[in-house]
Amino acid sequence: MKRREVIKKGLIGAGTVAAATTISAPAMAAERIEITMVSTWPRDFPGLGTGAQRFAQRLSDMTDGRITAKYFSAGERVGAFDVFDEVASGNAQMYHGAEYYFTGKHPGFGYFTSVPFGLTATEMNAWMRFGGGQELWDELSARFGLKGLMCGNTGVQMGGWFRKEMKTAADFKGLKMRMPGLGGSVLAKMGGSPVSLPGGQIYENLISGAIDATEWVGPWNDEIMKLYEAAKYYYYPGFHEPGSMLSVQMNKKWWDALSTADQTIIEAAATMENEVMFAEFNAKNGAALERLLNQQGVQLRNFSEDTYDAFGEASEEVFEEVQKHDELAQRIHASFVKSRREIGAWNNISDTAYVAQRNRVLGL
């Protein structure tokens, strides 16, 4: 009897030890990942720069420091417009920026920031996630050894800062204006001279008279840039960037070598920043606009309908040229147009209709 009890207790004890060993055994330590991340934005620049830095920090926060990103702002490691080649070559693992800076590589990249008469932020998210946009971006990026994820949005941007009133489309002839991407191509069609400058160089060029006008983002960012010191006429709405998506692009070989779990962590961090940045711009633009108008003497102006019609005509010419680039450009444009039509038709009787009626009733 005693022997049986000893054996029984021994088995139970052994089982308990085995179970405890199984439960308490530490998981295999996951690999530490150190990322070199470059950016097109100045360090600590509100919204764009701080959003990129927030994303980099979030990677560490989500993994208790197992994944870390050493962040370099524009000019600290490479120039703002050199980040594409830096990551494609493998010298850095990722960059945060705006894809339309790289339409010189392929005009299709413009669609993955914003294009004239394009998609709002909510429409862009819908196209990218459920309308085939991400798949087309993947195909385009892979040609250059890259893999991109949505990582921020500014929402609808303003039309720009001008030294003089822009009463008609003819006023754009000969105008030297900072405007990148396909929006700059539209400006050229209208007789203007588009200039592509990184954000950190806009103020000095506008204040010196090297450019006559500039677009940037919206009231919050534009106030911080003090663009009102060089130009007082502030036009809306911008035709060129109705919902500018920011991106994190990664070296594709590096991305493909990551575990599915680590890819998911990076995607989750990017998705969170995509939402947070958009909310931040919407939350801060209104108060900034009031300050610009009431404290800085800025003159708010609306582009005339004739001018906007001219924007539209020039945009169609630019889109025709883009589609001639290659078959992929044609497919990107066709997918974009399909989503703009379908999502836009719904928004016309949902968000757009509601906001118009709400504001009418409340006098907003």
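Residues numbered from 1 in each chain as written. Predicted model: local features only at pLDDT ≥ 70, side-chain atom pairs only at ≥ 80, totals over all residues. Heavy atoms only, no water.

A. Looking closely at helix α5 (residues 133-142). Restricting attention to buried positions, one finds in α5 the residues G133, Q134, L136, W137, L140 and S141. Buried residues along α5 cover an arc of 160° about the axis, so they all sit on one side. (Buried < 20%, exposed > 50% of the residue type's maximum accessible area, 1.4 Å probe, protein only. Helix = DSSP H or I, 4+ residues; strand = E, 2+ residues; numbered from the N terminus. Arc of directions from axis to C-beta.)

B. Here's a closer look at the packing of helix α11 (residues 305-323) against helix α12 (residues 327-349). Their axes nearest at 8 Å, the elements α11 and α12 cross at an angle of 140°. In terms of their interaxial angle, α11 and α12 are classed as oblique. The residues of α12 that touch α11, namely those facing F319, V322 and Q323, are A329, Q330, H333 and F336. Across the contact of α11 with α12, the residue classes tally to 4 nonpolar, 3 polar and no charged. (Axes fitted to C-alpha atoms, helices over the stretch in contact; angles between N-to-C directions. Parallel < 35°, antiparallel > 145°, perpendicular 65-115°, else oblique. Contact = heavy atoms within 4.5 Å. Nonpolar A, V, L, I, M, F, W, Y, C, P; charged D, E, K, R; others polar.)

C. Structural detail: the environment of K167. Note on placement: K167 falls in the loop between β5 (160-162) and β6 (176-178). In this structure, the C-alpha to C-alpha distance between K167 and M272, residues 105 residues apart in sequence, is 41 Å. If near-sequence neighbours (up to four positions away) are discounted, K167 is found in contact with S304 and T307.

D. A look at the pairing of strand β2 (residues 67-72). Across 6 bridges, strand β1 (residues 33-39) lies against β2 in parallel orientation. Following the sheet pairing, V38 is matched in β2 by F72. The β-α-β motif built from β1, the intervening helix α2 (residues 48-62) and the parallel element β2 has right-handed crossover chirality. (Pairing = 2+ DSSP bridges. Right-handed = clockwise from strand over helix to strand, strands pointing away.)

E. Region of the structure containing the environment of G243. Examined against the element boundaries, G243 turns out to sit in the loop between β9 (233-236) and β10 (245-251). In this structure G243 comes out as buried when scored by relative accessible area, which is 0%. Placed 152 residues apart in sequence, G243 and N91 show a C-alpha to C-alpha distance of 31 Å.

F. Summary view of the packing of aromatic side chains. Taken as a whole, this structure holds 31 aromatic pairs when the rule is applied. Ring plane angle 40° and centroid distance 6.4 Å describe the contact between F84 and Y95, whose orientation is recorded as tilted. Linking F84 in helix α3 (residues 83-88) with Y95 in strand β3 (residues 94-97), this pair joins segments that are 11 residues apart in sequence. On the basis of relative accessible area, F84 is assigned to the buried category, the value being 2%. For Y95, a relative accessible area of 0% translates into the label buried. One aromatic cluster in this structure is built from W41, F81, F84, Y95, Y100, Y101, F102, F109 and F144. For R77, the ring lying beneath its charged end belongs to F72, and the centroid distance is 5.5 Å. (Phe/Tyr/Trp six-rings, centres within 6.5 Å; stacked < 30°, edge-to-face > 60°. Lys NZ or Arg CZ within 6 Å of the ring centre and 35° of its normal.)

G. Broad picture of the environment of L289. Checked against the element boundaries, L289 lands in helix α10 (residues 260-295). For L289, a relative accessible area of 23% translates into the label partly exposed. Between the C-alpha atoms of L289 and D222, which are 67 residues apart in sequence, the distance is 9.4 Å. Among residues more than four places away in sequence, those in contact with L289 are P219, Y234 and L300.

H. A look at the sheet that holds β10. A sheet is described by the order of its strands in space; here 5 strands give the open sequence β2-β1-β3-β10-β4, paired in mixed fashion. In this open sheet, the two strands that pair with only one neighbour each are β2 and β4 (146-153). Strand-to-strand twist of the sheet, defined as the mean angle between neighbouring strand axes without regard to direction, takes the value 25°. Where β3 and β10 come together, 4 bridges link them in antiparallel fashion. Note that in β10 the partner of H96 across the bridge is V248. Packing against the sheet, α5 makes contact with β4 and β10, and its axis sits at approximately 130° to β4. Here α10 sits on the sheet and contacts β1, β2, β3, β4 and β10; the angle it forms with β4, its principal contact strand, is near 30°.

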